[in-house]
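# Results of the structural survey
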Amino acid sequence: ESIYEQRSITLDFIYGDVEAGKLTLLDGQQRLTTLFLLYWYAAKKEKIEKQAYNFLKSFSYATRFSSRDFCKALVEEEINFCSEELSKEIENQAWYPFDWKNDPTIQSMLVMIDAINKKFKNIEHLWQYLSEKNLISFYFLPLEKMGLSDELYIKMNSRGKPLTDFEHFKAEFLEIIKAQSEPLYKEFSQKIDIDWTDILFPYRGENQIIDDKFMRYFKFISHILCYQNDIRPLEYNEFKLAKQLYAKENANSISNLEFLKSAFDCWHGIDIDAFFNSVFYTDSYECGKTKLYLKEGETTNLFFDCCNYHSEFANNGRNRLFSLNSILLFYAVVLYRQNITSITQQNFRRRIRIVRNLIENSQYEIREFDQYGNNQMQRLLNDVSEIILNGNIVTEDRGFNLLQKQEEQSKLAWLQSNSQYQEELFKLEDYDLLKGTISIVGLHSHQNFSKFINLFDNCDKKLISKALLCIGDYSQNLGWRTQLG
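Residues numbered from 1 in each chain as written. Predicted model: local features only at pLDDT ≥ 70, side-chain atom pairs only at ≥ 80, totals over all residues. Heavy atoms only, no water.

## Comments concerning helix α11 (residues 211–229)
Given a rise of 1.5 Å per residue, 19 residues ought to cover 27 Å, and the 27 Å separating the end C-alpha atoms of α11 matches this to within 8%. Counting buried residues in α11 gives 16 out of 19 residues, a clear majority hidden from the surface. (Helix = DSSP H or I, 4+ residues; strand = E, 2+ residues; numbered from the N terminus. Expected span 1.5 Å × (residues − 1). Buried < 20%, exposed > 50% of the residue type's maximum accessible area, 1.4 Å probe, protein only.)

## Comments concerning empty space enclosed by the protein
Applying the stated rule across the entire model yields 2 cavities of 30 Å³ or more. Of the pockets and cavities examined, the second largest cavity occupies roughly 30 Å³. What lines the second largest cavity is simply Trp-40, Lys-44, Ala-73, Leu-74, Glu-77, Glu-78, Ile-79 and Trp-95. Only α2 (29–45) and α4 (65–76) provide two or more residues apiece to the lining of the second largest cavity. (1 Å grid on protein atoms, 1.4 Å probe; cavity = no way out; pocket = protein on both sides within 12 Å on 5 of 7 lines; lining within 4 Å. Points joined across faces, edges and corners; volume = space filled by probe spheres on them.)

## Considerations on a nonpolar patch on the surface
On the surface, Val-18, Leu-23 and Phe-140 cluster together to form a nonpolar patch covering roughly 220 Å² of accessible area. Tracing the backbone through its elements, the reader meets Phe-140 in strand β3 (residues 136–142). For Phe-140, a relative accessible area of 36% translates into the label partly exposed. (Patch = residues over 30% accessible without salt bridge, like charges linked within 9 Å, V, L, I, M, F, W, Y side chains within 5 Å. Areas by Shrake-Rupley, 256 points an atom, 1.4 Å probe, with all protein chains shown as cover. Salt bridge = Lys/Arg side-chain N within 4 Å of Asp/Glu carboxyl O.)

## Here we look at the pairing of strand β1 (residues 9–19)
Bridge count for β1 against β3 is 6 bridges, and the pairing is parallel. Bridge assignment links Phe-13 to a residue of β3, and that residue is Tyr-139. Between β1 and the antiparallel strand that follows it, strand β2 (residues 22–27), lie 2 residues; Ala-20 among them carries a positive phi value of about 55 degrees. (Pairing = 2+ DSSP bridges.)

## Re the state of the cysteines
Taken as a whole and judged by the stated rule, the model has 0 disulfides. The thiol of Cys-307 is unpaired, and the distance to the nearest cysteine sulfur, on Cys-306, comes to 5.4 Å. Looking at Cys-307, the relative accessible area reads 1%, which means it is buried. (Disulfide = S-S within 2.5 Å.)

Rendered as structure tokens:
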């Protein structure tokens, strides 16, 4: 008994319409036919009372009357199980007409009966295990209310494969949209299959599919909406996210769908790699761009990194492969792409630098929730929105590091009357030792910008640190912490 309990199995999804208690299959025919034959074999071989297996008469074929009659005859008629090949014994029965040899469904079923007999002929109490132990189960996706049956049937049969998990998600997601808006349903259906596939196709994996890329970007946008709407927990799977954010039960569902649509549409028709290369750099200073300080595996193409790593974790779930820092920076870029007609390229380049500076210097502020359980990411996203959309650095509310916010405001004010030194300031900001914060140099004398770089490019940094300690207190106060070096 323990052997059978250990060998229980789930046979994936079956799909179909249910009407008046009757299931019509779209996919799963072969598996359910095999299950029908296994139950039939156990019942007949062990001479189970007819009343116990009478439910097998409910299994039938609608495609050919001969297949339908064969299934009915199997249940009603008796065989002796005296032959090694049960198929031959069945074909020799008086109730088996000669022309059934031309029915491919019946012939396939006979082959399966022989295979079942070979596998289970020495197994005792098979009927008991099947009927009492729940050894075999399926996942079931009902499609009767979705209006997608014909479309899915065509797709599955044209590929010769069952639906993937992504297609299962897409079917449920589109049903959620259809329940609210027929125009939105038609628009999303087309965009998922055509426009958004075009966006993701260059980033397809070795298996030539983009399903996982789509789902990671979908989760990224959905998690942003979760933070903004203060919805917890945030690590929902895609099915729960779809229902919680985009179903009509959510008062903001339509605006959430519009935001999701815009977040995909904003990448359509552009060279995404070229766009990110025009905004960010990683090596020597490049005028007009912002430096990124990348960790191993990261690239300047935040869209690519998001599609590959968002919601993926390392070290037993402790480390995000697409970090909160990356989420905030990428959100800033997505906001610009969504509002590209109202934000000039020049303003965006200045504002994304401010966001970079704040992210790099808010080590203790960037987290999902603060020590009191408040939604810290919501505050941080609000800070990003104000900067990207309006050019405002909000200091009243908690969010990014307050000292760094004040420094960014000082830089903006200083540049109003010292615009000729803008590139020198940006080059100083991008220096690897500073990563955006220049308080150790200050704004009082622009000559010190290049002097600092020249000094630290040609020195033993450890000796400089020791020398500075001999001269005086050069510490920086970071909240209740003090930083040296």
